[in-house]
Amino acid sequence: MGSPSSSHSELLCSYVPVPDGPHSPAEPPRKVMKVFVIFCGMLVLLFILAFNGDHVTSTLTTTTNEQEFSPRTHTVPCSTLKPFSRGVSSGVSWKSSFNNDESYPWNNTMLSWQRTVFHFQPEKNWMNDPNGPLYYKGWYHFFYQYNPKGAVWGVIVWGHAVSRDLIHWLHLPLAMVADQWYDKNGVWTGSATILPDGQVIMLYTGSTNESVQVQNLAYPADPSDPLLVDWIKYPSNPVLFPPPGIGTMDFRDPTTAWLTSEGKWRISIGSKLNKTGIALVYDTNDFKTYERVEGLLHAVPGTGMWECIDFFPISIKGENGLDTSINGENVKHVVKVSLDDDRHDYYAVGTYDEKNVKFTPDDLKNDVGIGLRYDYGIFYASKTFYDQSKERRVLWGWIGESDSEYSDVAKGWASVQGIPRTVTLNKKTGSRLLQWPVAEVESLRLRSDEFENLKVKPGSVVPLEIETAAQLDIVAEFEIDNKALEMTSQFNREYECSTSGGAAERGALGPFGLLVLANEDLSEYTPTYFYVVKGSDGQLKTSFCSDQSRSSLATDVGKKIFGSFVPVLEDEKLSLRILVDHSVVESFAQGGRTCVTSRVYPTKAIYGAARLFLFNNATEATVTASVKVWQMNSAFIRPFNPNQRN
Amino acid sequence: MKTLSLIFCTLVMATISMPAGTNCRVIQQNKANLIEETCEQTPHRDLCIQYLSSDPRSTDADVTGLALIMVKVIKTKANKALDKIHQLLQESPEPGQKEALSSCADRYKAILEADVAVAIAALQKGNPKFAEDGANDAAIEATSCENSFSGKSPLTNENNAMHDVAATTGAIVRQLL
């Protein structure tokens, strides 16, 4: 126990100190004259400070460090604000017409369809980051950023749910609310550490009553309760304050701790220095007092604030996950960050030098924040945990909305979580991670329809007759006919999903794939597709994209095209998996080498009107497709009821 | 003792008034530059300078403060638009017009309840990305309102103004990220 570390006393020079709360002793009364003199003296000091301009505060602003002013060359992207008109595309049977001037009124039927049935979401209101996931005494625990007051972000608290299998969730009471001065403005993101003796430690960021970001310790009130319903906040919180030189609002999201070879626990917290994203490091023996480790675990210029840092080992040889403290031979490490600047999650695989507390990526050109992303769609603030019961590393990710706030308020909720994914190193390609929905999601599969070796000619759309099309697990393989591959004259084009014309832009060898959440007359559809380009050396380069541009007749929803390059090895067919769950679509290519999650808000392709199609909009290649489609059951996510069988 | 205190306080007063004469003007100049530098990186520079300069709080504000001033502008404009919408609804409009006006009312309410409220909270709590989302959404709501009229829209000026102010606000918030 004892008082917080030396970093506490250092903080006093970097910001106006947070009041101690109800513990400050009252000053004994003094003679009036002496008070007056001292008061005048303090006035002098105050005015001198004020006119030096360092700590000017106004009613509008909170105390912040000097905002480093560096000119940016881009402004708010207009493409997200004004929907653009698209004419009728070329290609056979595209019956879509898109009237830009019609604003589609939302009704309850359309809005209530959007709710998912097998993705985690609370019964109502706003959710964001996943927090402190862990496995304990037979239950998976999931906590999350939650606003109990509405369907928008606000004063955030910790929601809580449990599950036996990462799929069937039961809601529990809120784990922590904003009831202390040190988290009054928000009980923000944090991570769990399970000690070797089974103790559960939770570290989280609190936004204090003065909006300073501090780190706090919490632990279960009753460790014998497998549901971990009640939590205690450590009475001497906060345990960490922003250190000197770090912005008081740039210090959040502590990681799970890992053991050093000296037997100390080590954590990382993200921040920034000017425009350089950085990972601070702290050591502790008891999670109550910390020492700042000199230097930084890693930093990458130009990436901005690093939120939700995740740091974990990955096995080079095996298929299992590794406990966060593992190090040594056949182990690499992953640093993952969420970039405040662009709302994307980036990772890099590399080596962790424990002695020098340094992470070095395998590929500097694809360093953290400038290289690979977990997901090329809507997927942020993600966090992994080590599931010791099945020896796997599991990834949670926040999938936000891309509709208007008007809709979120009208439907009464916002955001879902991704289906938890196992994370492993892709042995065949080296420094890339593979993500795949946990096997337990397959327990939701109901009846299936199989379509084998369908030949899809250039410019065609093939309906797949399945029952309903809003809750699906789709697995498909594609082969481009060899003749087209060899004969195609078109080569060496640069293709990027996000700047392309989506599924309407025809190339020799693509796009082809599936149209999900499509209606019969194709006035609404969401293509998930491959686009293959032949290089000048004859090598094929494949992109995997999800195209929102025609997903809805509504004009106030996101219409972007997400996706990225996906490595395809010599002997491999093109393969994909898509989980469709009403307004969320998660797509995986080549076993999870490239993942794309999107939100889709159709106005017509809903309920019984939703359909599934195969399509091939290439100009030269015939594609042979084999598809298996399962109807997916609901996960019946509901409040925990002690009287029911759980 | 009394005389000493009196002399001391006179000295204090003198000390206070001295810097006021010299530093004040320098600070005004610095803040004016901040407004200009900030607005330079927005899509509507002159509009931005106009709104910010006309608010007395801008003289003491940092970039977060300037962003909050613009959010206040969004709030004011949204309230004005709502007033006009209610007025138009009272004038017994045709069915198509009535539906569009009701839809617009909902959109502007969303701007107030969702976008403005969240933007203020986000800026004050040091999580500016939610403020950027709010600003971007305000522009989308205004566009949706405009698009809901099949004929001529009686709110074109208000919607365009909201769109521009929202875009400006978003661009200022972006500088905090």
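In the nomenclature of an unreviewed UniProt entry, chain B corresponds to Pectinesterase inhibitor domain-containing protein from the organism Sphenostylis stenocarpa.

Within an unreviewed UniProt entry, the label attached to chain A reads Acid beta-fructofuranosidase, and the organism entered is Sphenostylis stenocarpa. Heading Sequence similarities (unreviewed entry) of the UniProt record for chain A holds this comment: "Belongs to the glycosyl hydrolase 32 family." Its UniProt record gives chain A a comment under Pathway (unreviewed entry), which states: "Glycan biosynthesis; sucrose metabolism."

Asker: How should I be thinking about the state of the cysteines in this particular structure?
Answerer: Put plainly, two cysteines are in a disulfide when a covalent bond ties their sulfur atoms together. Under the definition given, this model contains three disulfides over all chains. Paired through a disulfide, Cys39 of chain B and Cys48 of chain B show a sulfur-sulfur distance of 2.0 Å. The disulfide joining Cys39 of chain B to Cys48 of chain B has a torsion of about -70 degrees about its S-S bond and is therefore left-handed. Here Cys104 of chain B is linked by a disulfide to Cys145 of chain B, with a sulfur-sulfur distance of 2.1 Å. Across the disulfide from Cys104 of chain B to Cys145 of chain B, rotation about the S-S bond amounts to roughly 95 degrees, and the bridge is consequently right-handed. A residue pair is termed long-range when its members are at least 10 positions apart, and Cys104 of chain B in helix H4 (residues 95-125) and Cys145 of chain B in helix H5 (residues 129-147) qualify at 41 residues. Of the two residues, Cys104 of chain B and Cys145 of chain B, neither departs from the other in class, the shared state being buried. The connectivity of the disulfide-linked cysteines in chain B, indexed sequentially, is 1-2, 3-4. Between Cys308 of chain A, a cysteine without a disulfide, and Cys595 of chain A, which holds the nearest cysteine sulfur, the sulfur-to-sulfur distance is 18 Å. Of the residues examined, Cys308 of chain A reaches a relative accessible area of 1% and is grouped as buried. Of all cysteine sulfurs, the one in Cys497 of chain A lies closest to Cys595 of chain A, which takes part in no disulfide; the gap is 13 Å. Taking the relative accessible area as the measure of exposure, Cys595 of chain A reaches 0% and is therefore buried.

Asker: Mind showing me how you'd approach the sheet that holds strand E1 (residues 125-136) of chain A here?
Answerer: Strand pairing in a sheet is mediated by backbone hydrogen bonds. Such pairs are either parallel or antiparallel. All names here are of chain A. Taken together, six strands build an open sheet; the order of strands is E20-E1-E2-E3-E4-E36 and the sheet is mixed. The open sheet terminates on both sides in strands that have one partner only, identified here as strand E20 (413-414) and strand E36 (638-639). Relative to E36, strand E4 (residues 169-176) is paired through two bridges, and the arrangement is parallel. Counterpart to Leu170 in the pairing with E36 is Arg638.

Asker: Would you explain the packing of aromatic side chains in this entry?
Answerer: Two numbers describe a pair of aromatic rings. These are the distance of the centres and the angle of the planes. Going through the model one piece at a time under the given rule, you end up with 34 aromatic pairs over all chains. Ring plane angle 80 degrees and centroid distance 5.9 Å describe the contact between Trp126 of chain A and Phe130 of chain B, whose orientation is recorded as edge-to-face. Taken together, the residues span two chains, with Trp126 of chain A in strand E1 and Phe130 of chain B in helix H5. Assigned by exposure class, Trp126 of chain A and Phe130 of chain B land together as buried. Measuring from centroid to centroid gives 5.2 Å for Phe530 of chain A and Phe544 of chain A, while their planes differ by 40 degrees, and the two rings are tilted. With Phe530 of chain A in strand E28 (residues 526-534) and Phe544 of chain A in strand E29 (residues 540-547), this residue pair connects regions lying 14 residues apart in the sequence. There is no split in this pair, since Phe530 of chain A and Phe544 of chain A are both buried. A network of ring pairs unites the aromatic residues Phe120, Phe142, Tyr144, Tyr146, Trp169 and Trp396 of chain A as a single cluster. The cationic tip of Arg164 of chain A hangs over the ring face of Trp139 of chain A; the distance from NZ or CZ to the ring centre is 3.9 Å. When the ring centre of Phe565 of chain A is taken as reference, the NZ or CZ atom of Lys541 of chain A above it lies at 5.5 Å.

What counts, and where the lines are drawn
Residues numbered from 1 in each chain as written. Chains lettered and ligands numbered in written order. Predicted model: local features only at pLDDT ≥ 70, side-chain atom pairs only at ≥ 80, totals over all residues. Heavy atoms only, no water. UniProt positions renumbered as here; feature names shortened; annotations may be inferred. Disulfide = S-S within 2.5 Å. Helix = DSSP H or I, 4+ residues; strand = E, 2+ residues; numbered from the N terminus. Buried < 20%, exposed > 50% of the residue type's maximum accessible area, 1.4 Å probe, protein only. Pairing = 2+ DSSP bridges. Phe/Tyr/Trp six-rings, centres within 6.5 Å; stacked < 30°, edge-to-face > 60°. Lys NZ or Arg CZ within 6 Å of the ring centre and 35° of its normal.

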